[in-house]
Amino acid sequence: MTDAPVERTDTADGQALQVAADTIDVLRTVALAMETTVTHAEEQLDGTRHRDARLATDRYQAALHEAWEAYGEVLDAVSAGRPQLPGGRPIAVASILYGLQTARQHAAHAAAQLSDLRQRLTYAADRLHRSEHPHAQTTADRLAVALGRLRDVEVSLSVGTGAVDRYVDALDTGADPPAARTARLAAVRPIASPNGDALAIGTRMAATVVAANRRHLRFRTRWQVFRQTLWNNVKREIRL
Amino acid sequence: MTTKKPVTTNQPAPSNQPVAALTYLMAGQVHAHDRWVQRFTEADRQHYLDLLSALFVLCADRRFRRDDHGAVIRFVASVRERFDPDRTMVDPVIAENLLLAALGRHETLPATAENITVQTLLTVALVSDEQPSPAGYDALLREVDAMVTTASPPG
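Residues numbered from 1 in each chain as written. Chains lettered and ligands numbered in written order. Predicted model: local features only at pLDDT ≥ 70, side-chain atom pairs only at ≥ 80, totals over all residues.

**What about helix 1 (residues 17-26) of chain B?**
The line we're drawing: With C-beta atoms placed from the backbone, a residue counts as buried when 20 or more other C-beta atoms lie within 10 Å of its own, as exposed when 12 or fewer do, and as partly exposed for counts between those limits. Numbering of helices and strands starts at the N terminus; helices are DSSP runs of H or I of at least 4 residues and strands are runs of E of at least 2.
Most of helix 1 of chain B is tucked away, with eight of its 10 residues classed as buried. For helix 1 of chain B, the complete set of buried residues consists of Pro-18, Ala-20, Ala-21, Leu-22, Thr-23, Tyr-24, Leu-25 and Met-26 of chain B.

Structure representation (structure tokens):
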């Protein structure tokens, strides 16, 4: 049986790959812990002139960067190695489902905090806005910006979680695959077919309202998408 | 007469007139939207309504879970706050019923000008809230187009 040593090598390679794959969860935990570490340290030490304060934030940021890099390397190596190495097992559906359920739980936890968070910030912004102190007005304005961002977070979490749910359903039970979903949604009619007059009047009225409140419309232009990517890259470089 | 491009894309305006009009409306370029609408044939008008309806249903399905009535109420309140400060254009009951109808939790509403106004405003707000990138908006329109093509012809 000349193939036996080869099989043993394949099995050993596959097992080693699995050991590496099992560390991904831990590496992510380490990187997320470093995010919290850096945030807390920077909140207290940012702007402090003491050399140890600067050293602490510098080193924590470097550790954070390295932790994410290590996580990325292992993830990429395992993903690329699985189909190449004979003993490597494909990613099981159960593993994908587990990961997505974890992501969903975190998203749900974040979404649950938002309502209370927004209420408290709205109160603070409202109270400060009524103050006659100029710094209070500035603070209120910044809180209002934060409130706008939290609304964006709520929308993104909602759409993202819905997409995860649909993907999980499709993987898990094969329910509502894309073509069936398109057909299901295409059959929905919120409004009966109108005559030309109703459509013309309704469209005209809506357009007037949109024109009057155009400042509330937000889209990302190609430049904004590019700028965001650029900014993310710069932040990564700064952490080096 | 020159036609300005919508802010959402650097590509030429779509040749399909209803799609072009809808793109301009979603970008808030109402004058360009009106110019396209005025050129509509009867078939264009029907296609525009189908697109608008499909976009509304698709965005509602992406945004809300079917059983989360609270999120629908909060969204309607935010739309009134942003687009209807005088509280005269968006009837909250109509708005909520339209969204529930889009989620399959309410029967079809009659085609009055008021209902069409509210549905259009809700659609603009839903799309705007997602802050789609140009590529994301193109993908959204492709999905809407697939829905309209999939839907059986009226009658």
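That was the structure; now back to the text.
**Re the nonpolar core**
Residue and element names in this part refer to chain B. Stated precisely, the cut-off is as follows: Take the buried Ala, Val, Leu, Ile, Met, Phe, Trp, Tyr and Cys residues, join any whose C-beta atoms are within 7 Å, and the set you get is a nonpolar core. The contact rule is simple: place each C-beta atom from the backbone, and if two of them lie within 7 Å, those residues are in contact.
Judged by nonpolar contacts, the single largest core of 58 residues is most densely connected at Leu-25, Ala-60, Val-79, Leu-99, Ala-102, Leu-121 and Leu-122. Broken down by element, this core gets its largest block of residues, 11 residues, from helix 3 (residues 42-63). Those residues in contact with Ala-60 that lie beyond four places of it in its chain are Leu-99, Ala-102, Leu-103 and Leu-126.

**Things to note about the interface of chain A and chain B**
How we decide: Ten residue types, Ala, Val, Leu, Ile, Met, Phe, Trp, Tyr, Cys and Pro, are classed as nonpolar, four, Asp, Glu, Lys and Arg, as charged, and the remainder, Gly among them, as polar.
Opposite the 38 residues of chain A that make contact, chain B presents 55 residues. Mapped onto the side of chain A that touches chain B, the elements with two or more residues apiece are helix 4 (134-172), helix 5 (178-186), helix 6 (196-212) and helix 7 (222-238) of chain A. Broken down by element, the residue count for the side of chain A that touches chain B peaks at 12 residues, all from helix 6 of chain A. Tallied by class, residues from the side of chain A that touches chain B come to 23 nonpolar, 10 polar and five charged.

**Comments concerning the packing of helix 5 of chain A against helix 7 (residues 134-150) of chain B**
Inclusion rule: A fitted line through C-alpha atoms serves as each axis, taken over the contacting stretch for helices, and the angle formed by two N-to-C directions is quoted from 0 to 180°. In this scheme, roughly parallel covers angles under 35 degrees and roughly antiparallel covers those over 145, while 65 to 115 is roughly perpendicular and the rest are oblique. Note on convention: the crossing is left-handed when the near helix lies turned anticlockwise from the far helix by less than a right angle, right-handed when the turn is clockwise.
Here helix 5 of chain A crosses helix 7 of chain B at 70°, and the two axes come no closer than 8 Å. It follows that helix 5 of chain A is roughly perpendicular to helix 7 of chain B by the angle criterion. As for the relative orientation of helix 5 of chain A and helix 7 of chain B, their crossing is right-handed in sense. Contacts between helix 5 of chain A and helix 7 of chain B involve Thr-182, Ala-183, Leu-185 and Ala-186 of chain A from the first element and Ala-146, Met-147 and Thr-150 of chain B from the second. Per-class residue counts for the contact of helix 5 of chain A with helix 7 of chain B are five nonpolar, two polar and no charged.

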